[in-house]
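# Reading the structure
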Amino acid sequence: MSLPDSAIPDNVSGGSSPHISQPSTPGTEKEVLFENFDLAVDNRQYVLVTGGLGFIGSHTSLELLKTGHNVIIIDDLSNSFANVYDKIQAAANIHFANSEKKCPELKLFDIDYRNQIAVRVLLQAYSTRRQSNISGVIHFAAFKAVEESIKNPLKYYRNNISGLIDFLGLLEEFNIKNFIFSSSATVYGSIADRGLPLREEDCVHHPETFTDTTGLEKQAVQGCSGITNPYGRTKFMGESILADLATSDPSWNIIALRYFNPIGCDVSGILGEDPKGKPSNLVPMVVKVMIGQYSELSVFGSDWNTPDGTAIRDFIHVTDLARGHIAAVDAPKAEGAPNFRTFNLGTGSGHSVAEIVSTMEAVAKVSIPRKMVGRRAGDVGSCVAVADRARTELKWKTEKSLADACTDICTYLERHATPTAATSVVA
Ligand code: UD1
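The sections below set out a description of the structure shown in this document. Source: prediction; values computed, not measured. (Residues numbered from 1 in each chain as written. Predicted model: local features only at pLDDT ≥ 70, side-chain atom pairs only at ≥ 80, totals over all residues. Heavy atoms only, no water.)

## Examining the sheet that holds strand 14 (residues 312-313)
Put simply, the rule reads: Whether two strands pair depends on DSSP finding at least two bridges between them. Runs of E in the DSSP output that reach at least two residues are strands. Runs of H or I that reach at least four are helices, and both are numbered from the N terminus.
Here three strands make up an open sheet; going across it, the order is 17-14-19 and the pairing mixed. The outermost strands of the open sheet, each flanked by one partner alone, are strand 17 (351-352) and strand 19 (382-383). When strand 14 meets strand 17, the two strands line up antiparallel, connected through two bridges. Within the sheet, the bridge partner assigned to Arg-313 lies in strand 17 and is His-351.

See the structure below:
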């Protein structure tokens, strides 16, 4: 299928690469400089993944390919590297090497999802007579550093909220209304302080009744309090906007996935977690200590109300998390089912920071130097999911363990880095 002439800006040139590139200046009216690209339009159905080169996005793109979905990635490389595209492709090729099935298509468009002109060109190219070849969108593209969001809130609201609103408007124009939103357990705010596992009904946007563990019918209270930072608020607001949109137009089908703490990497060791700059999350910091970039790990808080005093999180293998997205995007919509639904993606059980470090030590057979320091501002002692809703409604459950995640990280490190500092072998 050829690209309609009207959809192509004058300055677009043809080419053969599946990777198009243009400056990430959202909203620039005059200059949309596509270079050396080929939209390579065809009649296949695609899942569009924004932020598909990031940690969760890349693993989800890989699982989409493995399960037979063609994938179009939009990513502006603001917190990822272009070679992740090659890594996804390489890992997918390994998966299909001994299969009779062919690896589906993977395309990368190096653009900011907020660039309405560029995204419109793309959506137009993949539409035929008001029917889009994009069957669903998984939206990861967002900023996610808590501290940075406190220092520069407008940057976060601009990207995570204004960008989302404009993007949804474009999708609506092209009648693409199957939308998966990358949300976070951070929406539970201070409810996590109760120390009880978190249920989706603990944070709702519209009135909802549910049956509690004792069988009683209850009314969930709308809203959430105690979200400590702008990043967290953008996730809460993003969900609210989506819930309102779904109410206004029943033809939307929207799922918000609330991630707990993703760790690990694809079993091949080809794809991993590779953020730009200093990481703030626990496992990337553990890895930096293992490879000698930092001399020791600071453990934030040893006086939490937990068995070993360190904080507890629901650490979920990123491949399990990625598969949760496939379950969501493929989920049949039951007659009368709500068209906005939230799901926790967690394991349902917690591990402490100390357990993470000791499991990694045991798997990697290294010692990981650490020191106990004070609590990090905004942290909670425990944050664990009730994972029943996704199990029942999406038919999804986690399969991988904490040790699997550590093993896969070690495979990744063997391929990509040589441990230097943490060299003393644990007996
Ligand atoms: C963090 C974000 C959360 C976001 C999630 C995305 C904060 C306050 N929260 O969650 O909003 O959705 O990442 O992945 O940043 N820890 C250490 N030493 C370190 C790093 C972390 O002890 O060097 C501890 C933390 O204090 C915490 C636990 O490890 O108790 C997990 O931390 P982290 O990986 O940053 O995740 P969250 O804080 O749960």
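## Quick notes on the site of the ligand
Rules: Working definition: residue near molecule or strand if any one of its non-hydrogen atoms lies within 4 Å of it. Here a polar contact is recorded for every N or O atom pair within 3.5 Å, except that within protein the pair must consist of a potential hydrogen donor and a potential acceptor, and residues adjacent in sequence are included only if both atoms are side-chain atoms. Per-residue accessibility takes into account occlusion by the displayed protein chains alone, with areas from the Shrake-Rupley method and a 1.4 Å probe. Residue classes follow a fixed rule: Ala, Val, Leu, Ile, Met, Phe, Trp, Tyr, Cys and Pro count as nonpolar, while Asp, Glu, Lys and Arg count as charged, and any other residue, Gly among them, counts as polar.
Surrounding the ligand, one finds 18 residues, the nearest of these being Leu-282, Ser-298, Arg-313, Arg-376 and Asp-379. In the environment of the ligand, an oxygen atom lies 2.5 Å from a nitrogen or oxygen atom belonging to the side chain of Arg-313. Surface burial for the ligand is 88%, taken as the share of its 730 Å² of free accessible area covered by protein chains. In terms of residue count, the dominant contributor to the shell around the ligand is strand 13 (residues 297-300) (four residues). Considered class by class, the residues forming the shell around the ligand number nine nonpolar, six polar and three charged.

## As for the pairing of strand 7 (residues 134-139)
Selection rule: Accessible area is worked out with a 1.4 Å probe on protein chains only. A residue is then buried under 20% of its type maximum, exposed over 50%, and partly exposed in between.
Along strand 7, five of the six residues are buried, which leaves the element largely enclosed by surrounding structure. Bridge count between strand 2 (residues 46-50) and strand 7: five bridges; the pairing is parallel. Bridge assignment links Tyr-46 to a residue of strand 7, and that residue is Ile-134. Sheet topology note: the strand 7/strand 8 (residues 178-184) ladder contains three bridges and is parallel. Paired with Val-137 across the two strands is Phe-179, which belongs to strand 8.

## A short note on the packing of helix 7 (residues 282-290) against helix 9 (residues 353-364)
Helices that pack against each other are described as a pair by the angle of their axes relative to one another and the distance between those axes. What counts, and what does not: All axes here are fitted lines through C-alpha atoms, helices being fitted over the stretch that makes contact, and every angle between N-to-C directions spans 0 to 180 degrees. Reported orientations rely on four angle classes, namely roughly parallel under 35 degrees, roughly antiparallel over 145, roughly perpendicular from 65 to 115, and oblique for the rest. For any pair of crossing helices, the crossing counts as left-handed if the nearer helix is rotated counterclockwise from the farther one by less than a right angle, and right-handed if it is rotated clockwise. By definition, residues are in contact when any of their heavy atoms lie within 4.5 Å.
Contact geometry of helix 7 with helix 9 gives a least axis separation of 11 Å together with a crossing angle of 40°. What the angle tells us is that helix 7 and helix 9 run oblique. Regarding helix 7 and helix 9, the two cross each other, and that crossing is right-handed. On the side of helix 7, the interface is formed by Leu-282, Val-283, Val-286 and Met-290, while helix 9 contributes Val-353, Ile-356, Val-357, Met-360 and Ala-364. Across the contact of helix 7 with helix 9, the residue classes tally to nine nonpolar, no polar and no charged.

## A few points about the nonpolar core
What counts is decided by this rule: Among the buried residues, those of types Ala, Val, Leu, Ile, Met, Phe, Trp, Tyr and Cys that are joined through side-chain atoms within 4.5 Å form a nonpolar core.
One finds Leu-53, Leu-64, Ile-73, Ile-88, Leu-257 and Leu-394 to be the most contacted residues of the largest nonpolar core, which totals 40 residues. Among the secondary structure elements, those contributing two or more residues to this core are strand 2, helix 1 (55-66), strand 3 (70-74), helix 2 (83-97), strand 4 (106-110), strand 11 (253-259), helix 8 (318-330) and strand 16 (340-345). Contact partners of Leu-64, with chain neighbours within four places excluded, come to Val-47, Val-49, His-69, Val-71, Ile-138, Ile-326 and Val-329. Core analysis: the second largest hydrophobic core is formed by 34 residues, Tyr-46, Ile-176, Leu-242 and Ala-256 among them.

## Quick word on helix 5 (residues 153-173)
Let me state the cut-off plainly: A helix's residues, less one, multiplied by 1.5 Å, set its expected span. Note on bend: at a given residue it equals the angle between the axes fitted to the 7 residues ending there and to the 7 starting there.
Taking 1.5 Å per residue, 21 residues should reach 30 Å; helix 5 reaches 29 Å between its end C-alpha atoms and fits that length. When the local axis directions of helix 5 are compared, the greatest deviation, roughly 30°, occurs at Gly-163. For helix 5, the complete set of buried residues consists of Tyr-156, Asn-159, Asn-160, Ile-161, Gly-163, Leu-164, Phe-167, Leu-168, Leu-170 and Leu-171. Along its buried surface, helix 5 packs onto strand 2, helix 3 (116-125), strand 7, helix 4 (146-151), strand 8 and helix 6 (230-248). Following helix 5 by one or two positions, Asn-175 adopts a phi angle in the positive range, close to 60°.

## A word on the side chain of Asn-133
Within the secondary structure, Asn-133 sits in the loop between strand 6 (131-132) and strand 7. For Asn-133, a relative accessible area of 5% translates into the label buried. For Asn-133, the residues in contact, after removing those within four places along its chain, are Asp-42, Asn-43, Arg-44, Gln-45, Tyr-46, Tyr-126 and Thr-128.

## Observations concerning the side chain of Asp-314
Among the secondary structure elements, Asp-314 is positioned in the loop between strand 14 and strand 15 (315-317). For Asp-314, the side chain forms a polar contact with the main-chain nitrogen of Ala-385, separated by 3.1 Å. Setting aside residues up to four positions removed in sequence, Asp-314 forms contacts with Phe-260, Asn-261, Gly-346, Thr-347, Gly-348, Ser-349, Gly-350, Cys-383, Val-384 and Ala-385.

## Concerning unusual backbone geometry
Unlike most non-glycine residues, Leu-77 shows phi in positive territory, near 65°. Position of Leu-77 among the secondary structure elements: in the loop between strand 3 and helix 2. Relative accessible area serves as the criterion here: at 18%, Leu-77 is assigned to the buried category. Of note, Lys-395 is a non-glycine position whose phi angle comes to about 55°, a positive value. With respect to the helices and strands, Lys-395 occurs in the loop between helix 10 (388-393) and helix 11 (402-416).

## Thoughts on the environment of Val-119
Relative to the elements of secondary structure, Val-119 occurs in helix 3. By relative accessible area, which is 0% here, Val-119 ends up buried. Val-119 sits 48 residues away from Phe-167 along the chain, and the two C-alpha atoms are 8.6 Å apart. Apart from residues no more than four positions distant in its own chain, Val-119 is found in contact with Ile-74, Ile-111, Asp-112, Tyr-113, Phe-167 and Leu-170.

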